[in-house]
Amino acid sequence: MEVDSNVAVVGTCEDMCPAQERIKRQEESDVHHLEMPLSGQTLQQTMIKKFQRSSADHELQIAEAMRTPAALLRTVEYIEDCIMGDEADPLRTYLFIWDRYRMIAKDFTLQASALPVTDLWIECHERMVRWFVLMDHAMQVNGK
């Protein structure tokens, strides 16, 4: 599928992880332990879009694969509420959140020409930056 790079694309995915990626990652056994559903949950409720680079055989600017700003904010909130408190393996949790935050920022960037900067855009980025600053401080204090 060829995409015209001059056309502004707006995301339409309302999930934290697009259905196509969820299916592919399940088939490849690529579901992170922090995404495993708890009792009463489904993978649709717990999987978060993984960071990806665009390449010749992998286009990222597809509306169905890009999350809406509201879905991006819900994803940030889910990470804060359900993932950040995992103390079992702090480094693994840090790397997971870092990867997912990179993709949230990338989804915003891919839609930058089509979407104005809004309060929601600012809130998502502020929350992510706060976490990065907190982690930087924690790593310096703990000497890591």
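See the structure above.
So, a few notes on the structure that sits alongside this text. The model shown is predicted, which means the values in this text are computed figures rather than measured ones.

## Considerations on the overall build of the chain
Summing up its helical and strand segments, the chain has 5 helices and 0 strands in all. Listing every helix and strand of the chain by position from the N terminus yields α-α-α-α-α. A compact globule built from 144 residues should have a C-alpha radius of gyration of about 15 Å, and the chain, at 16 Å, falls within 12% of that. Expressed as a percentage of contacts within the chain between residues at least 6 apart in sequence, the contacts between residues at least 24 apart total 74%. In the form shown here, the chain has an accessible surface area of approximately 8,700 Å², with 55% of it arising from carbon and sulfur atoms. Between the centroid of the 15 positive side chains of the chain and the centroid of its 24 negative side chains there is a distance of 4 Å.

## Comments concerning the pattern of salt bridges
Enumeration according to the criterion identifies 14 salt bridges in this entry. A salt bridge links R25 to D30; the shortest N-O distance between them is 4.0 Å. We classify D30 as partly exposed; its relative accessible area is 27%. One salt bridge connects D107 with R67, and the closest N-O pair in it is separated by 2.8 Å. Here D107 is found in helix α4 (residues 90–110), whereas its partner R67 is found in the loop between α2 (43–46) and α3 (69–83), with 40 residues between them in sequence. For R67, a relative accessible area of 0% puts it in the buried group. Through salt bridges with shared partners, one network takes in E21, R25, D30, E35, K50, D99 and R100.

About the criteria used
Residues numbered from 1 in each chain as written. Predicted model: local features only at pLDDT ≥ 70, side-chain atom pairs only at ≥ 80, totals over all residues. Heavy atoms only, no water. Helix = DSSP H or I, 4+ residues; strand = E, 2+ residues; numbered from the N terminus. Rg over C-alpha atoms; globule rule 2.2 N^0.38 Å. Contact = heavy atoms within 4.5 Å. Areas by Shrake-Rupley, 256 points an atom, 1.4 Å probe, with all protein chains shown as cover. Lys, Arg positive; Asp, Glu negative; His and termini not counted. Charge placed at Lys NZ, Arg CZ, Asp CG, Glu CD. Salt bridge = Lys/Arg side-chain N within 4 Å of Asp/Glu carboxyl O. Buried < 20%, exposed > 50% of the residue type's maximum accessible area, 1.4 Å probe, protein only.

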